[in-house]
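Descriptive analysis of the structure
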Amino acid sequence: MPFDPVFTFGTTAAAALIGLGITHALDRASLEFPPPVAVSELVVLGPGSFEHPQPGEFLKQNHTVAAPVVQETIDAPLEIMKYQVSVSDYGLCVADGACKPADSRKIGNVPVTGVSHIDAEAYATWLSARTGEAWRLPTDVEWAYAAGERFKGDIDGGESDPNNPARRWLTQYRQEAALGRKPDPEPRAQGAFGTNSKGLSDIAGNVWEWTSTCYSHATIGSDGKRTASSIDNCGVHAVEGFHRTYMSNFIRDGKSGGCAVGTPPDNLGFRLVRDRTGFFQTTIRSLGLTLTAAESRVHE
Amino acid sequence: MLTRREALLGSVLTAAAAAAVVAMPVVASAAEVASLPREKVTLVAPPFVHAHDQVAKGGPKVVEFTMTIEEKPMIIDADGTQLNAMTYNGSIPGPLMVVHQDDYIELTLINPETNTLAHNIDFHAATGALGGGGLTLVNPGEQVTLRFKATRTGTFVYHCAPGGAMIPWHVVSGMSGAVMILPRDGLKDDKGKPVRYDRIFYIGENDFYVPRDEQGKFKKYETAGDNYDDTVKVMRGLIPTHVVFNGKAGSLTGDNAMRAKVGETILIVHSQANRDTRPHLIGGHGDFVWEQGKFANPPAKDLETWFIRGGSAGSALYTFRQPGIYAYVNHNLIEAVELGATAHFVVDGTWDDDLMMQVEAPKPIAS
């Protein structure tokens, strides 16, 4: 077999990465934990409940209906990043070889964009490993709770006319056109879109955020509220921002990923939630280590 | 030493001189034409078309049009990419002019002083003088009037052709439009039976070649002349950065989507002055299609996709049978979705279950 420098290099690089991973594991075991990552500012939201239009597509008696609005409850304090993950934070994960470089060309204190659901998950896994805490993407319900008054559901054409399915498509199209939102592709510095009533920054600006909620087709029961059956498609997740929409996991540029007519996401980014009693956190604490304290504030 | 502007003008004038040599007189009897009735038409920006009769009333006439050339920056996509556009009458494409066979088109072409380049117009519908290009070259601060006889029926492209390397550059900067010459007794189907349209839409498709910087971002230039060298390099690669309808990705969607009702018949005139394209109406058809655009040939029937040769305009007649949102695309779907060549029709009306219905909505697969 002829010598193939590219192939050989590739293999070596992959081996090196695996090697690094093992080294990290060893470090941790020997308590030489890598330098802690500066954790972004968190907002802690008290428990509460709110009315929430469900994500996904809903059918009732064989025709499409508007998403049912359900009373949702957040029963434990929710710790969520005040800002979207920044280019520099994401860059640390890239430097560690745990994240793929983002497609955005911005630098510094700007939300990272040009990232897929897969990238966001990789970052959460990396951050959890680096901090010993449990970081993950918010669910659609958690995101909506934190977005508060800035939450907007799907652009929904309402209940379809069983005799004329086109009526719903036309309503939806006109609604979307009437929103008159102009494309706004250039990400801005963190905080540029202001703070909502819950203390989170940049909700529903020009960066849509990935969630951990899968796209689903659901059939509504006869009471008009309860879901009788549903099929999840976890190759597609809900993304939230100016409106809620659904994107395939591998999409990094919302413009090319959606089939939306007038308002595809300008950019795709994310923020994470921290589970209070994560496995890593407990472990690290039990080892008597302290991590960088995140500045936290409790609202309500 | 020549400035860039002088250099550009220089190459243009040489070409014009060459053109003048082959120019032929176009008017057989000036007196006869002078005695014809005259009609002044105000052009409207595409996709709309000025009011016109589908069947001619009375005999031939001279139809007067005026177009002012505007060089101006235009935004061609949602990212705000800027084209140093050159336009007929301020729009890309230039307006559609409609006359009947044996009428005369009399165009006054104005190149205001505020422009920086020389321009002209080559009508594919016209006979002689490089389609009129040899008789219409105007420098900034000049105007010219050309008359030509509409001898052949059909849809025809017009474009700027100021000589040499200037020709493709002016065309891919936006300088093209179309003329429609109707048979005096109107359009006919493949069996010679008259057909009419309730609405007409003119779609001009353009391929743009915008240079990128080292980071891959589209570059912005102060003036058209500044982009020339970089743009020609991209043009020579023959891969457009944008393929759009009516000057901009998304120019015919949302609030600007074209409108119709079930039962209405539309005529879509589609021009591409530079590059082949293949229009397709998603969810609809071409009932009668003049693919080459020339009404002396019977229209093709029931087409799914039709072919518009670069440098021509074709037309398709269709009666909507079902309400909804229709996408009208260049069915190279990469060009439609990634490069911009998508328009929408918003069609109201009653749904026909016989033509289509969802027998059963999506549900778990029966075990």
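Residues numbered from 1 in each chain as written. Chains lettered and ligands numbered in written order. Predicted model: local features only at pLDDT ≥ 70, side-chain atom pairs only at ≥ 80, totals over all residues. Heavy atoms only, no water.

It is worth spelling out the overall build of chain A at this point. Secondary structure summary: chain A contains 7 helices and 13 strands in total. The buried share of chain A, reckoned over its 300 residues, is 46%. Long-range pairs, those at least 24 residues apart, make up 71% of the contacts in chain A with a sequence separation of at least 6. Element-wise, carbon and sulfur atoms account for 59% of the exposed surface of chain A, whose accessible area totals about 14200 Å². (Helix = DSSP H or I, 4+ residues; strand = E, 2+ residues; numbered from the N terminus. Buried < 20%, exposed > 50% of the residue type's maximum accessible area, 1.4 Å probe, protein only. Contact = heavy atoms within 4.5 Å. Areas by Shrake-Rupley, 256 points an atom, 1.4 Å probe, with all protein chains shown as cover.)

As a further point, take the domain arrangement of chain B. Residues and elements named next belong to chain B. Here the domain parsing of chain B yields domain 1 (32-184) and domain 2 (200-348). Just the C-alpha atoms count here: the centres of domain 1 and domain 2 sit 19 Å apart. Between domain 1 and domain 2, the contact holds 40 residues from the first and 44 residues from the second. A combined buried area of about 3200 Å² lies between domain 1 and domain 2, and 69% of that area is made up of carbon and sulfur atoms. The interface formed by domain 1 and domain 2 holds 0 salt bridges in total. (Domains from an automatic or database assignment. Buried area = accessible area lost by both parts, 1.4 Å probe. Salt bridge = Lys/Arg side-chain N within 4 Å of Asp/Glu carboxyl O.)

We now examine the interface of chain A and chain B. Of the residues lining the interface, 21 residues belong to chain A; the matching set on chain B comes to 25 residues. Here chain A packs against chain B, burying approximately 1900 Å² in sum over the two surfaces, 58% of which is carbon and sulfur. It is A:Arg105, A:Leu170 and A:Tyr173 in chain A that bury the most area against chain B; as a group they hold 27% of the surface buried on that side. Summed over the shared surface of chain A and chain B, the result is 2 salt bridges.

Helix 4 (residues 140-147) of chain A sits mainly inside the fold: 8 of its 8 residues count as buried. Listed in full, the buried residues belonging to helix 4 of chain A are A:Asp140, A:Val141, A:Glu142, A:Trp143, A:Ala144, A:Tyr145, A:Ala146 and A:Ala147.

Residue and element names in this part refer to chain B. The end-to-end C-alpha distance of helix 4 (residues 224-236) is 18 Å, a good match for the 18 Å that 13 residues give at a rise of 1.5 Å each. Aspartate 230 marks where helix 4 bends most, by close to 40°. By the burial criterion, the buried members of helix 4 are Ala224, Gly225, Asn227, Tyr228, Thr231, Val232 and Met235. Just downstream of helix 4, leucine 238 is the residue with a positive phi angle, here 65°. (Expected span 1.5 Å × (residues − 1). Bend = angle between axes of the 7 residues up to and from the residue.)

The subject of this paragraph is the state of the cysteines. By definition, a disulfide is the covalent link that joins the sulfur atoms of two cysteine residues. Residue and element names in this part refer to chain A. By the definition in use, this model includes 2 disulfides over all chains. One disulfide in the model links cysteine 93 with cysteine 99; its S-S distance is 1.9 Å. Measuring the twist about the S-S bond at about 80°, one finds the cysteine 93-cysteine 99 disulfide to be right-handed. Residue cysteine 99 is classed as buried on the basis of its relative accessible area, which comes to 6%. Numbered by order of appearance in the sequence, the disulfide-linked cysteines of chain A pair as 1-2, 3-4. (Disulfide = S-S within 2.5 Å.)

A few words now on the sheet that holds strand 21 (residues 342-348) of chain B. All names here are of chain B. With respect to topology, 4 strands assemble into an open sheet ordered 14-21-20-16, the strand pairing being mixed. Here the strands that pair on one side only, and so sit at the sheet edges, are strand 14 (258-261) and strand 16 (279-281). Across this sheet, the average inter-strand angle for adjacent strands is 25°, counted without regard to direction. As defined by bridge partners, strand 20 (residues 324-330) adjoins strand 21 across 6 bridges and the pair is classed as antiparallel. Bridge pairing links isoleucine 325 to valine 346 in strand 21. (Pairing = 2+ DSSP bridges. Axes fitted to C-alpha atoms, helices over the stretch in contact; angles between N-to-C directions.)

Another point: the packing of aromatic side chains. Here the structure, examined in full by the defined rule, presents 18 aromatic pairs over all chains. Relative to B:Phe148, the ring of B:Phe123 has its centre 4.7 Å away and its plane inclined at 45°; by these criteria the two rings are tilted. Of this pair, B:Phe123 sits in strand 6 (residues 122-123) while B:Phe148 sits in strand 7 (residues 142-149), placing them 25 residues apart in sequence. Residues B:Phe123 and B:Phe148 agree in their burial class; the two are buried. A network of ring pairs unites the aromatic residues B:Phe201, B:Phe245, B:Tyr318, B:Phe320, B:Tyr326, B:Tyr328 and B:Phe345 as a single cluster. Here A:Lys198 stacks its cationic end above the ring of A:Tyr145, 3.8 Å away from the centre of that ring. (Phe/Tyr/Trp six-rings, centres within 6.5 Å; stacked < 30°, edge-to-face > 60°. Lys NZ or Arg CZ within 6 Å of the ring centre and 35° of its normal.)

The next subject is unusual backbone geometry. Residue and element names in this part refer to chain B. Of note, the bond from proline 46 into proline 47 is cis; its omega dihedral lies within 30 degrees of zero at 10°. Here proline 47 lies in the loop between strand 1 (38-40) and strand 2 (62-75). At the junction of isoleucine 92 and proline 93, the peptide bond is cis and its omega measures out at -5° in the coordinates. Within the secondary structure, proline 93 sits in the loop between strand 3 (82-88) and strand 4 (96-100). The backbone of aspartate 302 shows a phi angle near 60°, a positive value even though the residue is not glycine.

Further remarks concern the pairing of strand 6 (residues 78-81) of chain A. Residue and element names in this part refer to chain A. Taking every second residue as pointing to the same face, both faces of strand 6 are buried, with Leu78 and Ile80 on one and Glu79 and Met81 on the other. Here strand 1 (residues 42-45) runs beside strand 6; their pairing, made up of 4 bridges, is antiparallel. Its bridge partner lying in strand 6, leucine 45 is registered against leucine 78. The sheet contact formed by strand 6 and strand 12 (residues 273-275) spans 2 bridges and is antiparallel. The partner of glutamate 79 across the bridge, within strand 12, is arginine 274.

Let us now look at the environment of A:Ala98. All names here are of chain A. By the element assignment, alanine 98 lies in the loop between helix 2 (87-95) and helix 3 (117-131). Judged by its relative accessible area of 37%, alanine 98 falls in the partly exposed class. Excluding its chain neighbours within four sequence positions, the residues that come into contact with alanine 98 are Cys93, Ala122 and Trp126.

Here we take up the confidence of the model for chain A. Residues and elements named next belong to chain A. For chain A, the average pLDDT comes to 81, and 76% of its residues sit at 70 or higher. Predicted confidence in chain A is weakest over helix 1 (residues 5-29), with a mean pLDDT of 34, and strongest over helix 4, with 98. Counted against residues more than four places away or in other chains, residues 288-300, with its pLDDT under 50, gives 29 contacts. (pLDDT = per-residue confidence, 0-100.)

Residue and element names in this part refer to chain A. As for its placement among the helices and strands, lysine 82 is situated in the loop between strand 6 and helix 2. With a relative accessible area of 8%, lysine 82 lands in the buried category. Reaching out from lysine 82, the side chain makes a polar contact with the backbone oxygen of glycine 199 at a distance of 3.2 Å. (Polar contact = N/O pair within 3.5 Å; in protein donor to acceptor, adjacent residues only side chain to side chain.)

The next thing to look at is the environment of A:Ala189. All names here are of chain A. If you trace the backbone, alanine 189 turns up in the loop between helix 5 (166-179) and strand 8 (208-220). The class for alanine 189 is partly exposed, based on a relative accessible area of 41%. Taking the C-alpha atoms as reference, alanine 189 lies 23 Å from valine 44; in sequence the two are 145 residues apart. Every residue in contact with alanine 189, bar those within four places of it in the chain, is listed here: Asn109, Val110, Pro111 and Asp202.

Moving on: the pattern of salt bridges. Residue and element names in this part refer to chain B. Taken as a whole, this structure holds 34 salt bridges over all chains when the rule is applied. With a closest N to O distance of 3.2 Å, aspartate 53 and lysine 57 form a salt bridge. When salt bridges with common partners are traced through the structure, they connect Arg38, Lys40, Glu64, Glu106 and Arg147 into a single cluster.

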